[in-house]
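Listed below are the residues making up each chain.
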Amino acid sequence: MRLALSYLDQLTAGRLTFRERMSGGPRWLRSSLCATESARTRLREWFEHHPQPWAMQNSGEVLIALHFVGDIPLHQLLAKTLALLPPPVTDHVLKSTTFAGVGSRIMGFTGARPALGDRPFFVALSAADTLTRTIELMLHEVSHVWLMPAPEPDQVAGEAFYAETLYGTPLKEVPPNAVDNVVAARKTMREHERTAKNLTRDWCAQISAQNGDKK
Ligand SMILES: [Zn+2]
């Protein structure tokens, strides 16, 4: 555990050579996984509570622990995908996130409102046009959950329209007294997207390598 923490410090400070990076910690501990303060705090806490060996989760256990509403094939695919991720990420996502997904077997559904529970993150998923792109979409959203600070316990989203207004409205249509806040929010969003894309790319490479190992 101490070894992993000192490795994490050195990795974060950019003090490791390529050779050290390849041989120092668990294979999944890459700099893209430590790209934000929230992620580093989560990693540090996880290492403090999880001595070696750092086993990957079993996808059946992930399926049971996952809080998911909607399409069963997407639920199963998400569980399999999460089981391939670094164990601290899988643990964090299972504890902190509720997912909803449609577009694989069912396109929509009607019923009583689902029990959304009190996990701070909510992720909406749809089935993309290919399996690979659906997995990439899952990885991208999960990378946000890993990298972003958790919403406050009482923080709820009003409606998607708010985000669309914030990020999509041409600046000349934004009221002058809101421009500074909108520009700052867009800068933060671009940074979130940049770090999430880096992490998703690394996870795709790791999953391909794991699948290659099995063949
Ligand atoms: Zn994104």
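What comes next is a walk through the structure.

Parameters and conventions
Residues numbered from 1 in each chain as written. Predicted model: local features only at pLDDT ≥ 70, side-chain atom pairs only at ≥ 80, totals over all residues. Pairing = 2+ DSSP bridges. Helix = DSSP H or I, 4+ residues; strand = E, 2+ residues; numbered from the N terminus. Axes fitted to C-alpha atoms, helices over the stretch in contact; angles between N-to-C directions. Contact = placed C-beta atoms within 7 Å. Core = buried A, V, L, I, M, F, W, Y, C linked by C-beta atoms within 7 Å. Buried ≥ 20, exposed ≤ 12 C-beta atoms within 10 Å, placed from the backbone. Parallel < 35°, antiparallel > 145°, perpendicular 65-115°, else oblique. Nonpolar A, V, L, I, M, F, W, Y, C, P; charged D, E, K, R; others polar.

**Regarding the sheet that holds strand β1 (residues 67–70)**
Spatial strand order, β1-β2-β3: three strands in an open sheet with parallel pairing. Two strands bound the open sheet, and with one partner strand each, they are β1 and β3 (121–126). In this sheet, neighbouring strand axes are inclined to one another by 20 degrees on average, regardless of whether the strands run parallel or antiparallel. Where strand β2 (residues 97–102) lies against β3, six bridges are found, and the strand directions are parallel. Residue pairing across strands places Thr98 opposite Phe122, the latter belonging to β3. In the packing of helix α5 (residues 72–82) onto the sheet, contacts are made with β1, β2 and β3, and the angle to β1 comes to roughly 155 degrees.

**Description of the nonpolar core**
Nonpolar side chains in soluble globular proteins tend to be buried together. One finds Leu78, Val142, Trp146 and Leu199 to be the most contacted residues of the largest nonpolar core, which totals 28 residues. Mapped by element, the contributors of at least two residues to this core are α3 (37–49), α5, α6 (87–96), α7 (131–147) and α9 (179–214). With seven residues, the single largest contributor to this core is α7. If we skip the residues at most four places from it in the chain, Trp146 touches Ala39, Val89, His92 and Leu199.

**Remarks on α5**
Considered for burial, the residues of α5 that qualify are Leu74, Leu77, Leu78, Ala79, Thr81 and Leu82. Looking at the buried side of α5, the elements it contacts are α4 (59–65), β1, α6, β2, β3 and α7.

**Section: the environment of Glu152**
With respect to the helices, strands and loops of the structure, Glu152 is situated in the loop between α7 and α8 (160–168). Between the alpha carbons of Glu152 and Phe121 there is a distance of 9.5 Å; along the sequence they are 31 residues apart.

**Regarding the packing of α6 against α7**
Two numbers describe how α6 lies on α7: the axes approach to 10 Å, and their chain directions differ by 85 degrees. In terms of axis orientation, α6 runs roughly perpendicular to α7. Packed against α6, whose contacting residues are Val89, His92, Val93 and Ser96, the element α7 presents Val142, Val145 and Trp146 at the interface. Its residues assigned to classes, the contact of α6 with α7 shows five nonpolar, two polar and no charged.

These results come straight from atomic positions and should not be treated as a statement about function.
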